[in-house]
Protein chains: 2
Amino acid sequence: MNIPSKYIEEAVEQLASLPGVGKKTALRLVLHLLKRDDKEVERFSNAFISMKKQVKTCQSCGNIADNDLCGICLNPIRDRSLICVVEDIRDIMAIEATSSYKGVYHVLGGIISPMEGIGPADLNIQSLVDKALTGEVHEIILALNATMEGDTTNFYLYKKLKNADVVISTLSRGVAVGSELHYADELTLSRSIMNRMPYEGVGG
Amino acid sequence: MNIPSKYIEEAVEQLASLPGVGKKTALRLVLHLLKRDDKEVERFSNAFISMKKQVKTCQSCGNIADNDLCGICLNPIRDRSLICVVEDIRDIMAIEATSSYKGVYHVLGGIISPMEGIGPADLNIQSLVDKALTGEVHEIILALNATMEGDTTNFYLYKKLKNADVVISTLSRGVAVGSELHYADELTLSRSIMNRMPYEGVGG
């Protein structure tokens, strides 16, 4: 692209460095920003600097937080004996959006992926094992993505945790609520049949 | 969305204020930025502030520029008697990318659109008429989008310019190079037939 200003070019390059943002999209966004007034552009820019300066990692679970502990770990109502292990903080937001979980979380910060060079040592696994060994934890739910890497990580965690006195569970897999049977893939459908549940009249 | 940090929330809101960027995409990009080091985030943010501070509008054609005049207007090789009228600066980049135009440009800054409340007075039309009346301009090419608003604007410009001693032309419309006839819409195909050209052996 033949951009007639080196400042615009730098702004486009910075935006296009974000994953999934192409140069054409970046240019469209930058030209949009250029039309805003100075104050608005300053507020836009400062949002990223203050985010980088202020945001911390919860020392207990690895969630993002404005203080040393996140809102979930600070909440006295949450059940500290129930830990849900997730890959990253977006999974926490997804589970929190359901309002159906009352335990706490543990963020691994990734999953084991030899293809991307991520091994167990790169993840927050030791602190999870330490928590499990305190005797204060009753159950650990492995809530990783249903991919090969997720399964590998689940198995690794299971081996690490099996000596601790905790129940280890995982999310149920099956046909999504509201979806039609013939659209489900074979693996999901076969797991749904294998793990069938007693029919209880309402819901299922 | 239940974002556990007000700083992240502000950054997500700022990104999602850009056209075409949703909250989920914005969150993904913000979490990506959060993983970068301080220097990189600072460079990212400063790019927008310096762009806003430094970028000027070319006083002659309305293109973006780092100085009072843009690179095209400053170029002594460009033909100043040939002016191509475009809606915005992205059209200049598109035409420049073809390397087949040697004249200068005039950016309208929009097109007449009663639906969006944009009338002739909101566009850089008077300065175009002034240029046409100097007697130094030989031809004006109307290169607006082939939409109803574009056609309306073309007609308005034609009426304003017809008393000046300039040739007024517009881009040729027709079947795109490399495309198949049966995919062209009826209007484009019928214009292609009406405006048929003498066959010259090579190209066409």
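Residues numbered from 1 in each chain as written. Chains lettered and ligands numbered in written order. Predicted model: local features only at pLDDT ≥ 70, side-chain atom pairs only at ≥ 80, totals over all residues. Heavy atoms only, no water.

## With respect to the side chain of Lys 52 of chain B
Residue position: Lys 52 of chain B is located in helix H3 (residues 38-54). Within the buried core, Lys 52 of chain B has no salt-bridge partner, and the shortest N-O distance to an opposite charge, that of Asp 38 of chain A, equals 4.2 Å. A polar side-chain atom of Lys 52 of chain B sits 2.5 Å from the main-chain carbonyl oxygen of Arg 36 of chain A. Setting aside anything within four residues of it in sequence, one finds Lys 52 of chain B in contact with Leu 34, Lys 35, Arg 36, Asp 37, Asp 38 and Val 41 of chain A. (Helix = DSSP H or I, 4+ residues; strand = E, 2+ residues; numbered from the N terminus. Buried < 20%, exposed > 50% of the residue type's maximum accessible area, 1.4 Å probe, protein only. Lys, Arg positive; Asp, Glu negative; His and termini not counted. Salt bridge = Lys/Arg side-chain N within 4 Å of Asp/Glu carboxyl O. Polar contact = N/O pair within 3.5 Å; in protein donor to acceptor, adjacent residues only side chain to side chain. Contact = heavy atoms within 4.5 Å.)

## Here's the deal with the relation of the copies chain B and chain A
When chain B is fitted onto chain A, the two copies agree to an RMSD of 0.1 Å after a turn of 180° and an axial shift of 0.0 Å. Classification of the inter-copy transformation places it as that of a two-fold axis. Looking at the rotation axis and the C-alpha trace of chain B, the residue lying nearest is Ser 45 of chain B, at 2.3 Å. Interface overlap between copies: 100% of the residues of chain B at the interface are likewise at the interface in chain A, consistent with a symmetric, same-surface contact. (Least-squares fit on C-alpha atoms with pLDDT ≥ 70 in both.)

## Section: the sheet that holds strand E3 (residues 79-86) of chain B
Residue and element names in this part refer to chain B. Ordered in space as E4-E3-E5-E6, the four strands form an open sheet in which the pairing is parallel. The sheet terminates laterally at strand E4 (103-107) and strand E6 (167-170), the two strands that pair on one side only. Direction aside, neighbouring strands of the sheet carry axes that sit 25° apart on average. Relative to strand E5 (residues 139-142), E3 runs parallel, the two being bridged by four bridges. Each residue of the ladder has a partner; that of Leu 82, found in E5, is Glu 139. Helix-sheet contacts for helix H5 (residues 89-96) involve E3 and E4, and the interaxial angle to E4 is about 160°. (Pairing = 2+ DSSP bridges. Axes fitted to C-alpha atoms, helices over the stretch in contact; angles between N-to-C directions.)

## A closer look at the nonpolar core
In this structure, Ile 8 and Phe 48 of chain A together with Ile 8 and Phe 48 of chain B are the most contacted members of the largest nonpolar core, which totals 78 residues. Residues contacting Phe 48 of chain A, with those up to four places away along its chain left out, are Ala 11, Leu 15, Val 30, Leu 33, Val 41, Phe 44 and Ser 45 of chain B. (Core = buried A, V, L, I, M, F, W, Y, C linked by side-chain atoms within 4.5 Å.)

## Some thoughts on the domain arrangement of chain A
Considered domain by domain, chain A is made up of domain 1 (6-54) and domain 2 (64-198). For domain 1 of chain A and domain 2 of chain A, the distance between their C-alpha centres works out to 35 Å. (Domains from an automatic or database assignment.)

## Looking at the packing of helix H1 (residues 6-16) of chain A against helix H2 (residues 23-35) of chain A
Residues and elements named next belong to chain A. Between H1 and H2, the shortest axis-to-axis distance is 8 Å and the interhelical angle comes to 125°. Between H1 and H2, the interaxial angle falls into the category oblique. For the pair H1 and H2, the crossing hand works out as right-handed. Contact residues: Ile 8, Ala 11, Val 12, Glu 13, Leu 15 and Ala 16 in H1; Lys 23, Ala 26, Leu 27, Leu 29, Val 30, Leu 31 and Leu 34 in H2. Residues that form the contact of H1 with H2 fall into these classes: 11 nonpolar, no polar and two charged. (Parallel < 35°, antiparallel > 145°, perpendicular 65-115°, else oblique. Left-handed = near helix turned anticlockwise from the far one by under 90°. Nonpolar A, V, L, I, M, F, W, Y, C, P; charged D, E, K, R; others polar.)

## Remarks on the pattern of salt bridges
This model, assessed by the stated rule, comprises six salt bridges over all chains. The partner of Arg 43 of chain B in a salt bridge is Glu 10 of chain A, with the nearest N and O atoms 3.0 Å apart. Linking Arg 43 of chain B in helix H3 with Glu 10 of chain A in helix H1, this pair reaches from one chain into another. Assessed through its relative accessible area of 22%, Glu 10 of chain A is described here as partly exposed. With a closest N to O distance of 3.7 Å, Asp 88 of chain A and Arg 90 of chain A form a salt bridge.

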